[in-house]
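An overview of the molecular structure
One-letter residues, chain by chain:
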Amino acid sequence: MRRVRRIAHLSDVHLLDPKPPRTTSRYKLATGFVSLSRPLDVRARARKLYRAVRTAKAAGADHIVISGDLTEVGSDAEFEHFAEVLGSCDVDPDDVTLVPGNHDAYTTGDGWRRALAGPLARYRASSASETGKLVDRGGVVFLPVDTSQFQSIARSGGEFTREVFEAIDRRLSDPALRDVAPVLVLHHPPFGYGKNHVWQWIDGLRGFGRAIELLTRHPRLHVLHGHLHKVVDRIIGGLGRSRVFGAPATVDDREGVTPRVRLYDVHGGVLESVGLVAT
Ligand SMILES: [Fe+2]
Ligand SMILES: [Fe+2]
């Protein structure tokens, strides 16, 4: 097994269906709504994913994490397009960890499962699938978690279930993981919106306290997330170093400039953020 020394992190690529059905405007309406003000440019979004992954490789990353909202509404055609573009990037599928985001579950409740059984099958072994999944890469173990849920396009929340908490807690208590860097990968940030209960219901991660509890119980645990479309560095606990990292949205990258890809170097069980590839 190749030992991972540098991780690249990108997120929120929001790929579209290159051939949306002409007979129905449902897809158009849904994508128009969830895309907010972002242009629905199929090719530009595909190019951004390709350039981000190639940039990650060129920066020396030996593992790439893409933390959700891989597609705009999670249709089968969008997942196929995502797989096609990622497949064209010339990266070993075992070197890529994928998790779904809220956008990946807007069409059906099992779109992600179907994608892993179909176009994304090559990435299944290293991506979010069964509860408590652990992807061992030498000095790093990735714990990819699916926080997505089938819901109205008017909501964007997720859930961190008790079952996931218990499975990961058990995993992290294994003494064999004492000297490695454990990395929880999920789409939603593991935080709440404080007293803003409405926004918490619309956009928050239900059960986020369980993720915080894991970070508290396991001081070497790191989190890589997306969803906020911006860079996040959060210190949790008294060790004085960031352990929660959010990546910007690839869909918001500007063309003609270097894609914004986060990089982390792995030293003795710790992820050190070495910043973004130049913006
Ligand atoms: Fe997103
Ligand atoms: Fe999201």
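Quick summary incoming for the structure in this document. These figures come from a predicted structure and were not determined experimentally.

1. Some thoughts on the nonpolar core
Counting 45 residues, the largest nonpolar core has Ile7, Leu49, Ile66, Phe82, Leu98, Leu120 and Leu271 as its most contacted members. Contact partners of Phe82, with chain neighbours within four places excluded, come to Val13, Leu15, Leu49, Ile66, Leu70, Leu98 and Leu120. Val164, Leu172, Leu184 and Val244 belong to the second-largest nonpolar core, a separate cluster that totals 18 residues.

2. Things to note about the coordination of the iron ion (ligand 2)
Within the protein, Asp69 (OD), Asn102 (OD1), His187 (NE2) and His227 (ND1) serve as the donor atoms for the iron ion (ligand 2), at 2.2 to 2.3 Å. Between consecutive donors of the iron ion (ligand 2), the numbers of intervening residues give the motif D-x32-N-x84-H-x39-H. You can call Asp69 buried: its relative accessible area is 2%. Overall, Asn102 belongs to the buried group, its relative accessible area being 1%.

3. A look at the packing of aromatic side chains
For the structure shown, the criterion picks out 3 aromatic pairs. With centroids separated by 6.2 Å and ring planes inclined at 65 degrees, the aromatic side chains of Tyr193 and Trp199 adopt a geometry described as edge-to-face. The class for Trp199 is partly exposed, based on a relative accessible area of 37%. An angle of 45 degrees between the planes, with centres 4.8 Å apart, marks the rings of Phe245 and Tyr264 as tilted. Separated by 19 residues along the polypeptide, Phe245 in strand S11 (residues 242-246) and Tyr264 in strand S12 (residues 262-267) bring together distant segments of the chain. As far as burial versus exposure is concerned, Phe245 and Tyr264 are alike and both buried. The side chain of Arg155 reaches across the aromatic face of Trp201, ending 4.0 Å from its centre. One Lys or Arg, Arg234, reaches over the ring of Phe191 and ends 3.7 Å from the middle of that ring.

4. Structural notes on the sheet that holds strand S5 (residues 140-144)
Pairing between sheet strands relies on hydrogen bonds along the backbone, with the strands arranged either parallel or antiparallel. The 6 strands lie next to each other as S4-S5-S7-S9-S11-S10, forming an open sheet whose pairing is mixed. If you trace the sheet from one side to the other, it starts and ends with strand S4 (135-137) and strand S10 (232-235), each paired once. Strand-to-strand twist in this sheet, taken as the mean axis angle between neighbours without regard to direction, amounts to 20 degrees. The pairing of S4 with S5 spans 3 bridges and is antiparallel.

5. Some words on the environment of Val270
If you trace the backbone, Val270 turns up in strand S13 (residues 270-276). C-alpha separation for the pair Val270 and Arg220, spaced 50 residues apart in sequence, amounts to 7.0 Å.

6. Some thoughts on the coordination of the iron ion (ligand 1)
In the first shell of the iron ion (ligand 1), the protein supplies Asp12 (OD), His14 (NE2), Asp69 (OD) and His229 (NE2), at 2.0 to 2.3 Å from the metal. Here the iron ion (ligand 1) binds 4 donor atoms, and the angle range of 87 to 170 degrees at the metal identifies the geometry as irregular. Mapping the donors of the iron ion (ligand 1) onto the primary sequence gives the spacing D-x1-H-x54-D-x159-H. A separation of 3.5 Å is found between the iron ion (ligand 1) and the iron ion (ligand 2), both of which receive a donor from Asp69. Here Asp69 lies in the loop between strand S2 (63-67) and helix H3 (76-87) and Asp12 lies in the loop between strand S1 (6-10) and helix H1 (26-34), a separation of 57 residues in the sequence. A residue is classified by how much of its surface remains accessible, and Asp12, at 0% relative accessible area, is buried.

7. Focus: unusual backbone geometry
Apart from glycine, the bulk of residues carry a negative phi angle, and the bulk of peptide bonds sit in the trans form. Located in the positive-phi region is Asp12, a residue other than glycine, with phi close to 50 degrees. The phi angle at His14 is positive, at roughly 50 degrees, despite the residue not being glycine. One can find His14 in the loop between S1 and H1.

8. Some points on the sheet that holds S12
Pairing in this open sheet of 5 strands is mixed, and the strands run S3-S2-S1-S12-S13 from one edge to the other. The sheet is open, and its two borders are formed by strand S3 (96-99) and S13, each paired with just one other strand. Averaged over all pairs of adjacent strands, the angle between strand axes in this sheet comes to 25 degrees, irrespective of strand direction. As paired strands, S1 and S12 are joined by 4 bridges and run antiparallel to one another. By the bridge assignment for S12, His9 is matched with Arg262. Packed onto the sheet, helix H2 (residues 42-58) meets S1 and S2 and runs at close to 145 degrees relative to S2.

Thresholds applied
Each chain carries its own residue numbering, running from 1 in the direction its sequence is written. All chains are assigned letters beginning at A, and all ligands numbers beginning at 1, according to the order in which they are written. For this predicted model, a pLDDT threshold of at least 70 governs which residues receive local features, and a threshold of 80 or more governs which side-chain atom pairs are given and counted, while totals over whole chains, interfaces and linings are taken from all residues. Remark: hydrogens and water are excluded; side-chain values derive from all non-hydrogen atoms of the structure. Here the nonpolar core consists of buried residues drawn from Ala, Val, Leu, Ile, Met, Phe, Trp, Tyr and Cys, with membership extended through side-chain atoms lying within 4.5 Å. Throughout, exposure labels follow a simple rule: accessible area from a 1.4 Å probe, protein chains only, divided by the maximum for the residue type, with under 20% read as buried, over 50% as exposed, and the rest as partly exposed. We call two residues in contact when some of their heavy atoms are within 4.5 Å. Because water is not among the atoms used, a metal site may look incomplete, as its donors are only the N, O and S atoms within 2.8 Å, or 3.2 Å for Na, K and Ca. Put simply, two rings from Phe, Tyr or Trp (the six-membered ring, in Trp's case) pair if the centres are within 6.5 Å, and we call them stacked under 30 degrees between planes, edge-to-face over 60, tilted for the rest. A run of H or I in DSSP counts as a helix once it spans at least four residues, and a run of E counts as a strand once it spans at least two, with each numbered from the N terminus. Distance and angle both matter: a charge sits over a ring if NZ of Lys or CZ of Arg is within 6 Å of the ring centre and within 35 degrees of the ring normal. A strand pair is defined by DSSP finding two or more bridges across the two strands. As a rule, the C-alpha atoms of each element are fitted with a line to give its axis, helices using only the stretch in contact, and angles between N-to-C directions run from 0 to 180 degrees. Square planar and octahedral assignments, for four and six donors respectively, both demand that opposite donors be over 155 degrees apart and that all other angles lie between 65 and 115; tetrahedral needs four donors with all angles between 85 and 135 degrees, and anything else is irregular.

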